[in-house]
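Spelled out, the chains give:
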Amino acid sequence: MSLDLSALTDGELATLSIAGRQAAFAEIMHRYRQPVFRLARACLGDPDEALDLTQETFVAAHQALPRYDVGRPMRPWLSTIALNKCRDHARKRAVRRFFSFASPIGGEAEAVAADQVAVDDAAADRQELDRVTRAISELPMNLKEALVLRTIEGLSQAETAGVLNISEKAVETRLHRARAKLLEMLSGPEG
């Protein structure tokens, strides 16, 4: 008789995964790959980078699984790992950008070509989604994290506060500021 992994709780899956059942961790990935990807894409603004970061998140989660508290929800735990990966990525990007100023000029044509809108993204709704995603990715990290966790990922205010290690009131304040900043960015002259 085969065990129906889809019927198990996150804690049960974590326990089985720690015990060596690869299929249990595959079920965890199946349940949470889309929310982790959406979180990463909202933070990074680039679907390819978000896919890489999603994979890194699950590798890190698998390694950290023995420290997972099986009595707590898996989604906020994975969101915390993904946000930490996003922060690491942002720091690395800032360092690369800093050192790129010292590199010889070249390859600028590739960068310009990469910024052009692809033909298959010509639909107005797709362009609007891309515009909003880019604007979200440009928000300051503390505002972006609160906005993504609450509005895109649908975590409660308490769960968001727990993931970010801040008070619920701070989540509310950051969310308000993020929405105001996003509105300002999207209604600006380049918006």
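Look a little higher up for the structure.
Residues numbered from 1 in each chain as written. Predicted model: local features only at pLDDT ≥ 70, side-chain atom pairs only at ≥ 80, totals over all residues. Heavy atoms only, no water.

Draft legend 1. View of unusual backbone geometry. Even without a glycine there, the phi angle at N165 is positive, about 60°. Within the secondary structure layout, N165 lies in the loop between helix 8 (157–164) and helix 9 (168–187). (Helix = DSSP H or I, 4+ residues; strand = E, 2+ residues; numbered from the N terminus.)

Draft legend 2. Helix 8, seen in detail. Of all the residues in helix 8, the buried ones are T160, A161, V163 and L164. Buried residues in helix 8, looked at end-on, bunch into an arc of 165°, giving them a common side. (Buried < 20%, exposed > 50% of the residue type's maximum accessible area, 1.4 Å probe, protein only. Arc of directions from axis to C-beta.)

Draft legend 3. Quick peek at the side chain of D10. Tracing the sequence through the fold places D10 in helix 1 (residues 10–18). For D10, a relative accessible area of 14% gives the class buried. Here R31 takes part through its side chain, which lies 2.8 Å from a polar atom of the side chain of D10. Excluding residues that lie within four positions of it along the chain, D10 makes contacts with R31, Y32, Y68 and M74. (Polar contact = N/O pair within 3.5 Å; in protein donor to acceptor, adjacent residues only side chain to side chain. Contact = heavy atoms within 4.5 Å.)

Draft legend 4. Representation of the state of the cysteines within the structure. This structure, assessed with the given rule, holds zero disulfides. No disulfide involves C43; its nearest neighbouring cysteine sulfur is the one of C86, lying 3.9 Å away. (Disulfide = S-S within 2.5 Å.)

Draft legend 5. Region of interest: the packing of helix 2 (residues 22–44) against helix 3 (residues 47–64). Packing of helix 2 against helix 3 leaves a shortest axis separation of 8 Å and a crossing angle of 135°. In terms of their interaxial angle, helix 2 and helix 3 are classed as oblique. Here helix 2 and helix 3 pass one another in a crossing that is right-handed. Only P47, E49, A50, L51, L53, T54, T57, F58, A61 and H62 of helix 3 make contact with helix 2, whose side of the interface consists of F25, I28, M29, Y32, R33, V36, F37, A40, R41 and L44. Its residues placed into classes, the contact of helix 2 with helix 3 shows 14 nonpolar, three polar and three charged. (Axes fitted to C-alpha atoms, helices over the stretch in contact; angles between N-to-C directions. Parallel < 35°, antiparallel > 145°, perpendicular 65-115°, else oblique. Left-handed = near helix turned anticlockwise from the far one by under 90°. Nonpolar A, V, L, I, M, F, W, Y, C, P; charged D, E, K, R; others polar.)

Draft legend 6. Representation of empty space enclosed by the protein within the structure. Tallied over the entire structure, the rule returns one cavity of 30 Å³ or more. If you add up the space inside the largest cavity, you get close to 30 Å³. Contributing elements (two or more residues each) for the lining of the largest cavity: helix 2 and helix 4 (74–100). In terms of residue class, the lining of the largest cavity is made up of four nonpolar, one polar and one charged. (1 Å grid on protein atoms, 1.4 Å probe; cavity = no way out; pocket = protein on both sides within 12 Å on 5 of 7 lines; lining within 4 Å. Points joined across faces, edges and corners; volume = space filled by probe spheres on them.)

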